[in-house]
Amino acid sequence: MSEQTIALVTGANKGIGYEIAAGLGVLGMTVGVGARDPRRGEEAVEKLRANGADAFFVPLDVTDDESVASAASLVEERFGRLDVLVNNAGIAGQWPTAPSAATAEILWKVLNTNVIGVVRVTNAMLPLLRRSARPRIVNQSSHLSSLTLQTSPEVDFVDVDGVYTPSKTFLNAVTVQYAKELTDIKVNCVCPGYVATDFNEFQGHETPASGAKVAIRLATLPDDGPTGGLFDEAGTVPW
């Protein structure tokens, strides 16, 4: 990466997103902390700066067109480009929701953040990413997104869910299409593992810092690195 690499992480005020921002900061990147809540966003930035990171707050609600446009304008005014975009923001919805219990309202709320929000942010940031010498896009997915794992007799995800789980499969599909279109940008999905955050009421067995590692690795891929894939810490995850 260049001497000053500019990164933006959505949903970065806590959990895995915060640790991704922290990890990129350790690598010397200037990191935008995207967050809906100004207080939490500024607190995260203060904490990152106290630990030596070059961080700045980006007010960002991925479900709001004006908010996303303003975030893109902020990055453009300050830096003129963006090198790394990590689409980390996501919601679980009413987990788990059986397919037979899913409603249009529930589906829309989750998809608007987990899929449409990613498209909204990515498209707004594309002009800035195209000005980068080595642009990278990382989308936060899940092992639950894998249809291969979902249908494998050897794998038991326990809960049947017709909303969050399919939203991540949808995100995978969108990511593949971005990778096919944006041949000059590395675009990949990551599976952080079962991480203990408030997202799952801290039921996971991995730390946010460990869950952030794969996203950090894909955000710093070499020029011969992969694109259009789904990865965890062990390597490629089957679709």
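Quantities reported herein were computed from a predicted structural model and do not represent experimental measurements.

What counts, and at which threshold
Residues numbered from 1 in each chain as written. Predicted model: local features only at pLDDT ≥ 70, side-chain atom pairs only at ≥ 80, totals over all residues. Heavy atoms only, no water. Axes fitted to C-alpha atoms, helices over the stretch in contact; angles between N-to-C directions. Helix = DSSP H or I, 4+ residues; strand = E, 2+ residues; numbered from the N terminus. Parallel < 35°, antiparallel > 145°, perpendicular 65-115°, else oblique. Left-handed = near helix turned anticlockwise from the far one by under 90°. Contact = heavy atoms within 4.5 Å. Nonpolar A, V, L, I, M, F, W, Y, C, P; charged D, E, K, R; others polar. Phe/Tyr/Trp six-rings, centres within 6.5 Å; stacked < 30°, edge-to-face > 60°. Expected span 1.5 Å × (residues − 1). Bend = angle between axes of the 7 residues up to and from the residue. Buried < 20%, exposed > 50% of the residue type's maximum accessible area, 1.4 Å probe, protein only. Pairing = 2+ DSSP bridges. Right-handed = clockwise from strand over helix to strand, strands pointing away. Arc of directions from axis to C-beta. Polar contact = N/O pair within 3.5 Å; in protein donor to acceptor, adjacent residues only side chain to side chain.

Visitor: Please provide a residue-by-residue account of the packing of helix α5 (residues 116-129) against helix α7 (residues 164-181), values included.
Guide: Relative to each other, α5 and α7 sit at 25°, their axes nearing to 11 Å. Classified by the angle their axes make, α5 and α7 are roughly parallel. α7 is crossed by α5, and the crossing has right-handed handedness. From α5, Val-118, Val-119, Thr-122 and Asn-123 reach across to α7, where they touch Leu-171, Val-174 and Tyr-178. By residue class, the composition of the contact of α5 with α7 is 5 nonpolar, 2 polar and no charged.

Visitor: How would you summarise the packing of aromatic side chains if you had to cite specific residues and measurements?
Guide: Counted under the stated rule, the structure contains 2 aromatic pairs. Their ring planes at 45° and their centres at 5.1 Å tell us that Phe-56 and Phe-79 sit as a pair that is tilted. Here Phe-79 lies in helix α3 (residues 65-79) and Phe-56 lies in strand β3 (residues 54-59), a separation of 23 residues in the sequence. For the ring pair Trp-95 and Tyr-164, a centre distance of 5.8 Å and an interplane angle of 90° mean the geometry is edge-to-face. Taken together, the residues span a long stretch of sequence, with Trp-95 in the loop between β4 (84-87) and α4 (104-114) and Tyr-164 in helix α7 at a distance of 69 residues.

Visitor: Pulling in residues and values, what's your account of α5?
Guide: The end-to-end C-alpha separation of α5 is 19 Å, in line with the 20 Å expected for 14 residues at 1.5 Å each. Maximum bend of α5: about 30°, positioned at Asn-123, with proline Pro-127 one to four residues after it. The complete set of buried residues in α5 reads Gly-117, Val-118, Arg-120, Val-121, Thr-122, Met-125, Leu-126, Leu-128 and Leu-129. On the buried face of α5, the contacting elements are β1 (6-9), α3, β4, α4, β5 (136-140) and α7.

Visitor: Mind laying out the side chain of Ser-67, listing which residues take part and the relevant values?
Guide: Mapped onto the fold, Ser-67 is located in helix α3. Among all residues touching Ser-67, those that are not within four sequence positions of it are Pro-59, Leu-60 and Asp-61.

Visitor: Go over the pairing of β3 with me, naming the residues and quoting the values.
Guide: The sheet contact formed by strand β2 (residues 30-35) and β3 spans 6 bridges and is parallel. Bridged to Ala-35 within β3 is Pro-59. Traced from β2 through helix α2 (residues 38-50) to β3, the parallel crossover comes out right-handed.

Visitor: Provide a residue-level description of α2, including the pertinent values.
Guide: Given a rise of 1.5 Å per residue, 13 residues ought to cover 18 Å, and the 18 Å separating the end C-alpha atoms of α2 matches this to within 8%. Looking only at α2, the buried set comprises Gly-41, Ala-44, Val-45 and Leu-48. When α2 is viewed along its axis, its buried side chains cluster within an angular range of 100° and face the same direction. In this structure, α2 carries Glu-46 and Ala-50 as exposed residues pointing more than 90 degrees from its buried face. Buried-residue contacts for α2 involve α1 (15-26), β2 and β3. You can read the cap of α2 off the contacts: a side-chain oxygen lies 2.9 Å from the backbone nitrogen of Arg-39, and it is on Asp-37.

Visitor: Please provide a residue-by-residue account of the sheet that holds β5, values included.
Guide: Strand order in this open sheet of 8 strands is β3-β2-β1-β4-β5-β6-β7-β8, and the pairing throughout is mixed. Only two strands of the sheet have a single partner each, and these edge strands are β3 and β8 (235-236). Here 2 bridges tie strand β6 (residues 186-190) to strand β7 (residues 230-232), and the two strands are oriented parallel to one another. What sits directly across from Cys-189, in β7, is Leu-230. Along the sheet, α5 contacts β1, β4 and β5; its crossing angle with β4, the most-contacted strand, is approximately 180°. α7 contacts β5, β6 and β7 of the sheet and is inclined by roughly 165° relative to β6.

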